[in-house]
Amino acid sequence: MTQKIAIQVDDLTVAYNYKPVLWDIDLVIPEGVLMAIVGPNGAGKSTLIKAILGIIDPIAGSVAIYGEPYKKQRKLVAYVPQKGSVDWDFPTTALDVVMMGTYGSLGWIKRPGQKQKKAALEALEKVGMLSFKSRQISQLSGGQQQRIFLARALVQNASIYFMDEPFQGVDASTEIAIINILKELRKAGKTVVVVHHDLQTVPEYFDWVTFLNVKKIATGAVKDIFNDDNLTKTYGINYKVAVNK
Amino acid sequence: MSITEYFNLLFTDYTLRTISLGTAVLGAICGMLGSFAVLRKQSLLGDAISHAALPGIAIAFLITGAKDTNILLLGALVSGLIGAFWIRGMISKTHLKSDTALGLVLSLFFGFGMLLLTYIQKQPNANQAGLDKYLFGQAATLVESDVLLMVLVTATALVVVLLFWKEFKLLLFDPDYANTLGFNTKFIDILITFFIVLAIVIGLQTVGVVLMSAMLLAPAAAARQWTSSLAVMVFLAALIGAFSGVFGTAISASQDNLSTGPVIVLVASFFVVVSFVFSPTRGLLFKQIRLIKNRRDLQLKKTLQFMYGIAQTHESIDHPHTIRILNNFQGFTKKSLRKMEENQWILLNKQQWSLTLKGFTEAQNLFNQQTQHE
């Protein structure tokens, strides 16, 4: 493989209490792939992302983004949390939430100005939400909320995107809009890592996949490893899905 | 003294002016910082912290033997902070939920504080009288130096809030995301908590440990009803807090025996009730009115659609039909038919109705309109 390595995870182990949530994960994600992380509930999919992003302290192991620790490479990374992780009744507007994506590059105390606003408006347009810019966020539908979160990450103009279940509870049109944006990101050479639940759409949406169930089961190109064998190992039952044969 | 007399005295009487300024400033800082507590769903944190401050006051008195306000409040600050960080620690280190941690710290510290207070009262020291004013507060004991301290703390808090506005907002809305952007969320969290503790401590003398949390929550809860912008909410909460302070002082000063703290809290609660009922967007009253209006509106449109269906079976739109034909459809009354006539959707003629062109096109576009509103 001649591709550059975007993310390298070594021996990553995470536990909340006594039971390990992630056990000894080794993972190499090449640059420019659109990767799904699949696995059953409680497999540690979200935890893996959070541990890579430093939101959760691992018990052991290390993470490198383009060969450097995450803390040095923050500006290269954008994160889209699960939309259920925040209170959408918070008193603010769609544009204001997207503007938050610029806070990282601004740093402490400095306030966003015209330049940041322009970037936020562009991101809103990309996700088809420009006409909702002044909308109170509690008035947005689930799909619109997800688009706002995506726009907030796009503003960061990162090289690597981590997304936690971006398709959860969104309608078909939003799902298509989001996957098209993700494919565009890949075309632009960005690396996109998505926690994904719908196994049916894996071959269609993604070119790279990681099977996870506390331990890493397999990782690689969808066409090589997305098969019954790995699905059975991951989900523990003979999981028949319509794989493109 | 009547309320008008009070407002006259406000400009001439030194003591009254001091107290009013103090309660106003206190209301403002509590409203401002209380907004953050409410939005973080830490409404009860203030209650726990204010109760946790009590043993600090008693211990400070036991050590110094003097009733210097600043020293007592310093004791309150230390023990309030200890309480706050115990709560934080309990939530992050044990399986306890936050309400349990808050309840434990509140009752533990308050119980210990009460124990110390009764111990102090048994001491043969004439100086001890009056420490119990920190339970329910006594605004009348405010002197210029106390108010100066309040103004100083409030000004500092204002500067900090303005400086770290962006960081505060980010932490309140999405702490994990703030973390990934490189902000030290622990630091921001401690900064907010520290100033909330500070606001509570400077209010103890006026409002007391028992009612202090209402000063934090009531203005913020009221303000939230009127706005969908964080900045406006914080500003409005500060304004409501300040106004409650002044107005509460006015009422208690004009009625001889009413103690100021509870009156201020009642005035603030009055704002909450008014806001919950009368806010145009979130208020119960207008919500209910909108609900009824929408239902009527939809009922009317359903009737129109039913008529449209009948009219379609005839060659001309304005072919008259008997009202009885509508009996199959339950959603109409004489009143609603008259309303439809007012809208010029139909013409009524004795026991007959006929669709107008306007009504016909309205019915045609009904479904499109309805989906557009979504």
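Residues numbered from 1 in each chain as written. Chains lettered and ligands numbered in written order. Predicted model: local features only at pLDDT ≥ 70, side-chain atom pairs only at ≥ 80, totals over all residues. Heavy atoms only, no water.

Student: Break down the overall build of chain A for me, citing the residues and quoting the values.
Tutor: Secondary structure assignment for chain A yields 10 helices and 10 strands. Counting every position in chain A, which comprises 245 residues, the buried fraction comes to 54%. Here chain A displays about 11,100 Å² of accessible surface, and carbon together with sulfur accounts for 49% of that area. Of the side chains in chain A, 29 bear a positive and 23 a negative charge, and the two mean positions are spaced by 6 Å. (Helix = DSSP H or I, 4+ residues; strand = E, 2+ residues; numbered from the N terminus. Buried < 20%, exposed > 50% of the residue type's maximum accessible area, 1.4 Å probe, protein only. Areas by Shrake-Rupley, 256 points an atom, 1.4 Å probe, with all protein chains shown as cover. Lys, Arg positive; Asp, Glu negative; His and termini not counted. Charge placed at Lys NZ, Arg CZ, Asp CG, Glu CD.)

Student: Tell me about the overall build of chain B, and please be specific about residues and values.
Tutor: Looking only at helices and strands, one finds 17 helices and 3 strands in chain B. Taking 374 residues into account, the globule formula puts the C-alpha radius of gyration at 21 Å, and chain B, at 30 Å, lies well above it. Across its three principal directions, the C-alpha atoms of chain B cover 100 × 55 × 35 Å. For chain B, the proportion of its 374 residues judged to be buried stands at 48%. A separation threshold of at least 6 residues defines the contact pool for chain B, and within that pool the share at least 24 residues apart is 68%. Carbon and sulfur atoms make up 64% of the accessible area of chain B, which amounts to about 18,600 Å² in all. In chain B, the 28 positive side-chain charges and the 20 negative ones have mean positions that sit 8 Å from each other. (Rg over C-alpha atoms; globule rule 2.2 N^0.38 Å. Contact = heavy atoms within 4.5 Å.)

Student: Describe in detail the packing of helix H5 (residues 69-93) of chain B against helix H6 (residues 98-122) of chain B, supporting the description with residues and values.
Tutor: Residues and elements named next belong to chain B. At a minimum axis distance of 9 Å, the contact between H5 and H6 shows a crossing angle of 150°. With respect to H6, the element H5 is oriented roughly antiparallel. Between H5 and H6 lies a crossing whose hand is right-handed. In contact with Ser 79, Ile 82, Gly 83, Trp 86, Ile 87, Met 90 and Ile 91 of H5, H6 contributes Ser 98, Ala 101, Leu 102, Leu 104, Val 105, Leu 108 and Phe 109. (Axes fitted to C-alpha atoms, helices over the stretch in contact; angles between N-to-C directions. Parallel < 35°, antiparallel > 145°, perpendicular 65-115°, else oblique. Left-handed = near helix turned anticlockwise from the far one by under 90°.)

Student: Give a detailed account of the confidence of the model for chain B, specifying residues and quantitative values.
Tutor: Low-pLDDT stretches of the model should not have their predicted coordinates read in fine detail. Model confidence for chain B is summarised by a mean pLDDT of 88, while 95% of its residues fall at 70 or above. The least confident element of chain B is helix H17 (residues 357-372) of chain B, whose mean pLDDT is 72; the most confident is helix H9 (residues 165-173) of chain B, at 96. (pLDDT = per-residue confidence, 0-100.)

Student: Got a sec to walk through the sheet that holds strand S10 (residues 215-221) of chain A? Specific residues and values, please.
Tutor: Residues and elements named next belong to chain A. Read from one edge of the open sheet, 6 strands run S6-S7-S8-S3-S9-S10, paired in mixed fashion. What marks the edges here is a single partner per strand, and that holds for strand S6 (77-80) and S10. The average angle at which neighbouring strand axes cross in this sheet is 15°, direction not considered. Here 4 bridges tie strand S3 (residues 34-38) to strand S8 (residues 191-195), and the two strands are oriented parallel to one another. Bridge pairing in S8 links Ile 37 to Val 195. (Pairing = 2+ DSSP bridges.)

Student: Summarise a nonpolar patch on the surface; cite the residues concerned and give the values.
Tutor: Where nonpolar side chains cluster on the molecular surface, the patch consists of Trp108(A), Ile109(A), Val159(B), Leu163(B) and Phe187(B) and spans about 420 Å² of accessible area. Considering the arrangement of structural elements, one finds Phe187(B) in helix H11 (residues 185-207). The class of Phe187(B) is partly exposed, set by a relative accessible area of 40%. (Patch = residues over 30% accessible without salt bridge, like charges linked within 9 Å, V, L, I, M, F, W, Y side chains within 5 Å. Salt bridge = Lys/Arg side-chain N within 4 Å of Asp/Glu carboxyl O.)

Student: Lay out the side chain of Gln73(A) in plain terms, naming residues and giving numbers.
Tutor: Note that Gln73(A) resides in helix H2 (residues 70-73). Among the residues examined, Gln73(A) registers a relative accessible area of 13% and is labelled buried.

Student: Any details on the sheet that holds strand S1 (residues 321-322) of chain B? Residues and values, ideally.
Tutor: What the 3 strands build is an open sheet, ordered S1-S3-S2 (chain B); its pairing is antiparallel. Each of the sheet's edge strands pairs with one partner strand only, and the pair in question is S1 and strand S2 (346-349) of chain B.

Student: Could you give an account of the interface of chain A and chain B, naming the residues involved and the relevant values?
Tutor: The partner chain B presents 30 residues to the 33 residues of chain A that form the contact. Summed over both sides, the interface between chain A and chain B buries roughly 2,800 Å², with carbon and sulfur atoms accounting for 62% of that surface. Of all residues in chain A, the largest losses of buried area upon contact with chain B belong to Phe90(A), Pro91(A) and Trp108(A), amounting jointly to 26% of the total for that side. Remark: the boundary between chain A and chain B carries 5 salt bridges. Note that Lys169(B) is salt-bridged to Asp96(A), the shortest N-O span being 2.7 Å. The tally of links between chain A and chain B comes to 15 residue pairs in polar contact (both at pLDDT 80 or more). Contributions of two or more residues to the side of chain A that touches chain B are made by helix H3 (94-99), helix H4 (103-106) and helix H6 (142-155) of chain A. The element contributing the most residues to the side of chain A that touches chain B is H4(A), with 3 residues. (Buried area = accessible area lost by both parts, 1.4 Å probe. Polar contact = N/O pair within 3.5 Å; in protein donor to acceptor, adjacent residues only side chain to side chain.)

Student: Residue-level account of the pattern of salt bridges, with values.
Tutor: Residues and elements named next belong to chain B. This structure, assessed with the given rule, holds 13 salt bridges over all chains. Residue Arg 88 pairs with Asp 189 through a salt bridge whose shortest N-O separation is 2.1 Å. One end of the pair, Arg 88, is in helix H5; the other, Asp 189, is in helix H11, with 101 residues separating them in the sequence. A relative accessible area of 26% means that Arg 88 is categorised as partly exposed. Relative accessible area serves as the criterion here: at 13%, Asp 189 is assigned to the buried category.

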